[in-house]
Amino acid sequence: TSAGFSGGRAIGQVIRGGDDIWCAVLGAAAAGAITAESVAAMPSSIGSFVLFTLAIEMLAPTGPAAQQSNDGAASGKSLRDAQQSARELARKKYAERHRDDSVRMRALAGTESKEGRPSAGSRGQNVFGEAAGEGFKPGGVVQSWINRLNRELGHGDSVAPASR
């Protein structure tokens, strides 16, 4: 099926000199012919593949907005710039949404450095209430769970990994 779609579309591109909806239809017809269980089933198989392809092609976004989204790399905007813009926009929308919540606004103020990345001193906490990114600490919640499990299983206490 995939070979029919790809091969048929490629043949259409060679014949027409570019890629358009008719190349997609030719690919769908080829896929329908390959997928049919018998020669008698080919018309219905080809017809259904072509109809679904036409529906998908007709529903695909076109125009300046779709062209602009496809030309992101061509516009000179790097992935890093796009990520930074998205991060700033999300941060701004979050701040607008929670402007009346002083706790969230304080948390938001202390989470980012000038570059828009989490600051080194504000890593936050992991799900166990310990400093995130520090690994397991001796005497921490995770280590105490491991030690308790080891005692229940008849093993000695495990040794916490050395601090970095």
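Residues numbered from 1 in each chain as written. Predicted model: local features only at pLDDT ≥ 70, side-chain atom pairs only at ≥ 80, totals over all residues. Heavy atoms only, no water.

Participant: Would you take a moment to explain the overall build of the protein for this structure?
Facilitator: Helix and strand counts for the protein come out as 7 helices and 0 strands. Long-range contacts, defined here as pairs at least 24 residues apart, represent 26% of the contacts in the protein between residues at least 6 apart. Of the roughly 12,100 Å² that the protein leaves accessible, carbon and sulfur atoms contribute 59%. (Helix = DSSP H or I, 4+ residues; strand = E, 2+ residues; numbered from the N terminus. Contact = heavy atoms within 4.5 Å. Areas by Shrake-Rupley, 256 points an atom, 1.4 Å probe, with all protein chains shown as cover.)

Participant: Looking at this model, I keep getting lost on the packing of helix α2 (residues 21–35) against helix α3 (residues 42–59). Mind explaining?
Facilitator: Helix packing for two helices is described by the angle between their axes and how far apart those axes are. As a packed pair, α2 and α3 sit with axes 8 Å apart at the nearest point and diverge in direction by 150°. Classified by the interaxial angle, the pair formed by α2 and α3 is roughly antiparallel. Handedness of the crossing formed by α2 with α3: right-handed. Of the residues in α3, those touching α2 at Ile21, Ala24, Val25, Ala28, Ala29, Ala31, Gly32, Ala33 and Thr35 are Met42, Ser45, Ile46, Phe49, Val50, Thr53, Leu54, Glu57 and Met58. Counted by class, the contact of α2 with α3 contains 13 nonpolar, 4 polar and 1 charged residues. (Axes fitted to C-alpha atoms, helices over the stretch in contact; angles between N-to-C directions. Parallel < 35°, antiparallel > 145°, perpendicular 65-115°, else oblique. Left-handed = near helix turned anticlockwise from the far one by under 90°. Nonpolar A, V, L, I, M, F, W, Y, C, P; charged D, E, K, R; others polar.)

Participant: Looking at this model, I keep getting lost on the packing of aromatic side chains. Mind explaining?
Facilitator: Aromatic ring pairs are defined here through the distance separating the ring centres and the angle between the ring planes. Considering all chains together, one arrives at 1 aromatic pair under this definition. Where Phe5 meets Phe49, the ring centres are 5.7 Å apart and the plane angle is 35°; that geometry is what we call tilted. You can see Phe5 sitting in helix α1 (residues 2–16) and its partner Phe49 sitting in helix α3, a full 44 residues away along the chain. Among the residues examined, Phe5 registers a relative accessible area of 31% and is labelled partly exposed. (Phe/Tyr/Trp six-rings, centres within 6.5 Å; stacked < 30°, edge-to-face > 60°. Buried < 20%, exposed > 50% of the residue type's maximum accessible area, 1.4 Å probe, protein only.)

Participant: Honestly, the packing of helix α5 (residues 79–97) against helix α6 (residues 102–109) in this entry has me stumped. Any pointers?
Facilitator: Taken N-terminus to C-terminus, the directions of α5 and α6 make an angle of 155°; their axes are 10 Å apart at the nearest point. One element, α5, and the other, α6, form an angle in the roughly antiparallel class. Seen from above, α5 lies across α6 with left-handed handedness. Seen from α5, the contacting residues are Arg91, Tyr94 and Ala95; seen from α6, they are Arg104, Met105, Leu108 and Ala109. Residue composition of the contact of α5 with α6, by class: 5 nonpolar, no polar and 2 charged.

Participant: Help me out: how do you make sense of the nonpolar core in this one?
Facilitator: Side chains that are nonpolar tend, in soluble globular proteins, to be buried together. Counting residues in hydrophobic clusters, the biggest one holds 5 residues: Val25, Ala28, Ala31, Phe49 and Val50. Those elements giving two or more residues to this core turn out to be α2 and α3. Considering each element in turn, this core owes the most residues, 3 residues, to α2. When sequence neighbours within four positions are dropped, the list of residues in contact with Ala28 reads Phe5, Phe49, Val50 and Thr53. (Core = buried A, V, L, I, M, F, W, Y, C linked by side-chain atoms within 4.5 Å.)

Participant: It is not clear to me how the pattern of salt bridges should be interpreted in this structure. Could you clarify?
Facilitator: Opposite charge on two side chains lets them pair, provided their charged atoms get close. Under the definition given, this model contains 4 salt bridges. With a closest N to O distance of 3.8 Å, Arg9 and Glu57 form a salt bridge. Here Glu57 lies in helix α3 and Arg9 lies in helix α1, a separation of 48 residues in the sequence. On the basis of relative accessible area, Arg9 is assigned to the partly exposed category, the value being 25%. Assessed through its relative accessible area of 26%, Glu57 is described here as partly exposed. A salt bridge links Glu152 to Arg148; the shortest N-O distance between them is 3.7 Å. Taken together, the residues Glu152 and Arg148, both in helix α7 (residues 141–152) and 4 residues apart, mark about one turn of the helix. (Salt bridge = Lys/Arg side-chain N within 4 Å of Asp/Glu carboxyl O.)

Participant: Just checking my understanding: could you explain the environment of Cys23 for this structure?
Facilitator: Note on placement: Cys23 falls in helix α2. Placed 18 residues apart in sequence, Cys23 and Phe5 show a C-alpha to C-alpha distance of 9.5 Å. Apart from residues no more than four positions distant in its own chain, Cys23 is found in contact with Gly8, Arg9, Gly12, Gln13, Arg16 and Gly18.

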